[in-house]
Amino acid sequence: MSDSETIAAGYAFTGPALDLGALLWDGAPLPDAQIRIPLPMLNRHGLVAGATGTGKTKTLQLIAEQLSAQGVPVFLADVKGDVSGISAPGVANDKVAGRAAEVRQQWTATGFPAEFYALGGIGHGIPVRATITGFGPVLLSKVLQLNQTQEQSLGLIFHYADTKGLELIDLKDLRAVVTFLTSDEGKTELKNIGGLSTATAGVILRSLTAFEAQGMADFFGEPEFDTSELLRTASDGRGMVSVLELPAVQDKPQLFSTFLMWLLADLFHDLPEVGDADKPKLVFFFDEAHLLFNDASKAFLDSITQTVRLIRSKGVGVFFVTQTPKDVPGDVLAQLGNRVQHALRAFTPDDQKALKATVKTFPNSSYDLEEILTGLGTGEAVVTVLSENGAPTPVAVTRLRAPESLMGPIDAATLDAAVKSSSLYGRYAQAVDRESAYEKLASRPQPQETPKAAAKSAPKEDESMVQQVVGSGMFKSLARSVGTQIGREITRSLFGTARRKR
Ligand SMILES: Nc1ncnc2c1ncn2[C@@H]1O[C@H](COP(=O)(O)OP(=O)(O)O)[C@@H](O)[C@H]1O
Ligand SMILES: [Mg+2]
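What counts and how
- Residues numbered from 1 in each chain as written.
- Chains lettered and ligands numbered in written order.
- Predicted model: local features only at pLDDT ≥ 70, side-chain atom pairs only at ≥ 80, totals over all residues.
- Heavy atoms only, no water.
- Phe/Tyr/Trp six-rings, centres within 6.5 Å; stacked < 30°, edge-to-face > 60°.
- Helix = DSSP H or I, 4+ residues; strand = E, 2+ residues; numbered from the N terminus.
- Buried < 20%, exposed > 50% of the residue type's maximum accessible area, 1.4 Å probe, protein only.
- Lys NZ or Arg CZ within 6 Å of the ring centre and 35° of its normal.
- Salt bridge = Lys/Arg side-chain N within 4 Å of Asp/Glu carboxyl O.
- Near = heavy atom within 4 Å.
- Polar contact = N/O pair within 3.5 Å; in protein donor to acceptor, adjacent residues only side chain to side chain.
- Areas by Shrake-Rupley, 256 points an atom, 1.4 Å probe, with all protein chains shown as cover.
- pLDDT = per-residue confidence, 0-100.
- Contact = heavy atoms within 4.5 Å.
- Pairing = 2+ DSSP bridges.
- Expected span 1.5 Å × (residues − 1).
- Arc of directions from axis to C-beta.
- Lys, Arg positive; Asp, Glu negative; His and termini not counted.
- Axes fitted to C-alpha atoms, helices over the stretch in contact; angles between N-to-C directions.

1. A word on the packing of aromatic side chains
A full pass over the atoms with the stated rule returns 16 aromatic pairs. A ring pair is formed by Phe75 and Phe284, whose centres lie 4.3 Å apart and whose planes are at 20°; its orientation type is stacked. Note that Phe75 is positioned in strand E4 (residues 74–78) and Phe284 in strand E8 (residues 282–286), a separation of 209 residues in sequence. For the pair Phe75 and Phe284, one class covers both residues: buried. An aromatic cluster of at least three residues, connected via ring pairs, comprises Phe135, Phe211, Phe219, Phe220, Phe259 and Trp262. The cationic tip of Lys172 hangs over the ring face of Tyr438; the distance from NZ or CZ to the ring centre is 5.0 Å. The ring of Phe268 has Lys314 lying over it, and the distance from NZ or CZ to the ring centre is 4.2 Å.

2. Focus on the pattern of salt bridges
Taken as a whole, this structure holds 21 salt bridges when the rule is applied. In this structure, the salt-bridge partner of Glu115 is Arg232, at a minimum N-O distance of 2.5 Å. Placement of Glu115 in strand E5 (residues 114–119) and of Arg232 in the loop between helix H8 (198–213) and strand E7 (241–245) is noted, with a sequence separation of 117 residues between them. We classify Glu115 as buried; its relative accessible area is 7%. Given a relative accessible area of 22%, Arg232 falls into the partly exposed group. A salt bridge links Arg175 to Glu212; the shortest N-O distance between them is 2.4 Å.

3. Side note on the site of ligand 1
In the vicinity of ligand 1 there are 15 residues, among which Gly53, Lys56, Thr57, Lys58 and Arg401 approach most closely. Contact between ligand 1 and Thr57: an oxygen atom at 2.7 Å from a side-chain N or O atom of the residue. Contact distances for ligand 1 include 3.3 Å between a nitrogen atom and a side-chain N or O atom of Arg99. Starting from 560 Å² of accessible surface for ligand 1 in isolation, the protein chains cover 77%. Considering every element that reaches the shell around ligand 1, the biggest residue donor is helix H2 (residues 56–69), with 3 residues.

4. Comments concerning the confidence of the model for the chain
A residue-level look at the chain finds 89% of positions with pLDDT of 70 or above and a mean pLDDT of 88. Counted against residues more than four places away or in other chains, residues 452–490, with its pLDDT under 50, gives 77 contacts.

5. Section: the pairing of strand E3 (residues 46–49)
Every second residue of E3 is oriented toward a common face, with Gly46 and Val48 on one face and Leu47 and Ala49 on the other, all of them buried. One ladder, built from 4 bridges, connects E3 with strand E9 (residues 316–322); its direction is parallel. Within E9, the residue paired with Leu47 across the bridge is Phe320.

6. Remarks on the environment of Gly50
Tracing the sequence through the fold places Gly50 in the loop between E3 and H2. Sequence-wise, Gly50 and His342 are 292 residues apart; in three dimensions their C-alpha atoms are separated by 4.3 Å. Excluding residues within four positions of it along the chain, Gly50 makes contact with Lys56, Thr322, Gln323, Gln341, His342, Ala343 and Leu344.

7. Examining helix H13 (residues 349–360)
The end-to-end C-alpha separation of H13 is 17 Å, in line with the 16 Å expected for 12 residues at 1.5 Å each. Among the residues making up H13, those that are buried are Ala354, Leu355 and Thr358. When H13 is viewed along its axis, its buried side chains cluster within an angular range of 105° and face the same direction. Along H13, the residues that are exposed and aim more than 90 degrees away from the buried face are Pro349, Lys353 and Lys360. Against the buried residues of H13 lie strand E10 (338–341) and helix H14 (369–375).

8. Remarks on the environment of Ala201
Tracing the backbone shows Ala201 in helix H8. Using a relative accessible area of 1% as the deciding quantity, one classes Ala201 as buried. Ala201 sits 20 residues away from Leu181 along the chain, and the two C-alpha atoms are 7.8 Å apart. Not counting the four nearest positions on each side in its chain, Ala201 is found in contact with Val178, Thr182, Leu190 and Leu196.

9. Overview of the side chain of Arg44
Within the secondary structure, Arg44 sits in the loop between strand E2 (28–38) and E3. The buried charged residue Arg44 lacks any salt bridge, with Asp276 as its nearest oppositely charged partner at 4.1 Å. Setting aside chain neighbours within four positions, we find Arg44 in contact with Asp276, Arg312, Gln335, Leu336, Gly337, Asn338, Leu386 and Gly390.

10. Regarding the sheet that holds E9
With mixed pairing, the 12 strands of this open sheet are ordered in space as E2-E1-E12-E11-E10-E3-E9-E8-E4-E7-E5-E6. Each end of this open sheet is capped by a strand with a single partner; those strands are E2 and strand E6 (126–128). In this sheet, neighbouring strand axes are inclined to one another by 30° on average, regardless of whether the strands run parallel or antiparallel. In terms of strand pairing, E5 meets E6 through 3 bridges, oriented parallel. Looking at E6, one finds that Ala118 is bridged to Pro127. Lying over the sheet, H2 contacts strand E1 (17–25), E3, E4, E7, E8, E9, E10 and strand E12 (396–400), oriented at roughly 140° with respect to E1.

Right, dumping it as structure tokens:
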């Protein structure tokens, strides 16, 4: 066998697979050598990397389309606002036709079933909100940019509210609880909590106030988004593509990256173990993923690593889309089995370093990857994936197929119409403010009689994992805490996110 035949043989899978494109050999595509990803391996996670404008988002679109076609729901974090086009048929032109012919793709303009979401309803999509209690202290600390001591203190405040039946639905609920604890009246309560200083509570209160002043209140509250919406298929059996539009919150990377993590943690919390299945339950794409890792605390990074490691057995695949593999922490990168690496620049010493580091993350091959990676054209990439038996496939320089849906955004009017006609619109469009901690504290009798925390029975929760993930006594007690006033269990797991029994 020639070298190119050996590579092609490494991608000749017997079961269902997604088509990425054709092997590039001496600068020309070999249509007989198809480069693919086995469908069952999509839960082994992936990385799509490359410099700006090299084709990362189109690769994401290409993979997402084929997943939908195979009945797999997809979640897309749309940071730049350029993937709503997946819902509309693409436009045929010479470029697309030329590319399709070169890689032997039967290109048919096709739109895919899509649902559009917007964080806190800022934008066109169906509003996605989380309750404060659902979000939990670890993720909230990340958005508030609290240090470790403050993060632990916030955990204690959540624990206090959970046990006292003070429901933390929105930001003003949390602010009311912290205000109470720092007041003359709440002093003894604060002392009883133990390990929480007035000074730290004061810092948290100020950061909450500042956070609200930045217009963050809309993101938290009810109705809380039910992440099982992301697992739906359309009536024709194709997987629903859930597009979360993020351009309107682009200047709040801490907020939206943390929200994406909340979605994953919440899914993780709910989904049963399935092991390695025929195809994933959901594939989740994080575009501009470096924003997730920037300035992240050790606790936060550990939680990401754990989530990515464990969610695979629940049938969820995660793809990170970013500029270089260096943007992703080593422990996470090691778990990304499917790699599509687009062109990298080598202008500055930093670029050079990133290039060398990128080359090291690939299996051995006869290619000079440094040279190849700087010379790739748009919509070309160096690929290695996991074969059906879980071994890495040979490194393959690939000309990618063209997406069959529209490259770029659909117009705002079309998007609005899709949102308003969605069956989910009625459920989430309107924010609801019911009685919770704020109202309870505002109407409390003077002097305050604190309700006794009732039943202390621990909900059946995977405690070993909670401990493993968060590793502290504080979170162990959080997992045990039960908010009983309205008879709803609160359990905390990965990231300390909570779930009331629905
Ligand atoms: N697979 C592809 N098929 C057809 N055109 C592509 C493909 N990949 C990239 N392109 C072209 O390159 C442009 C930039 O690609 P894009 O995915 O937006 O880059 P990135 O996300 O890396 O910044 C696209 O608008 C499109 O014209
Ligand atoms: Mg992009």
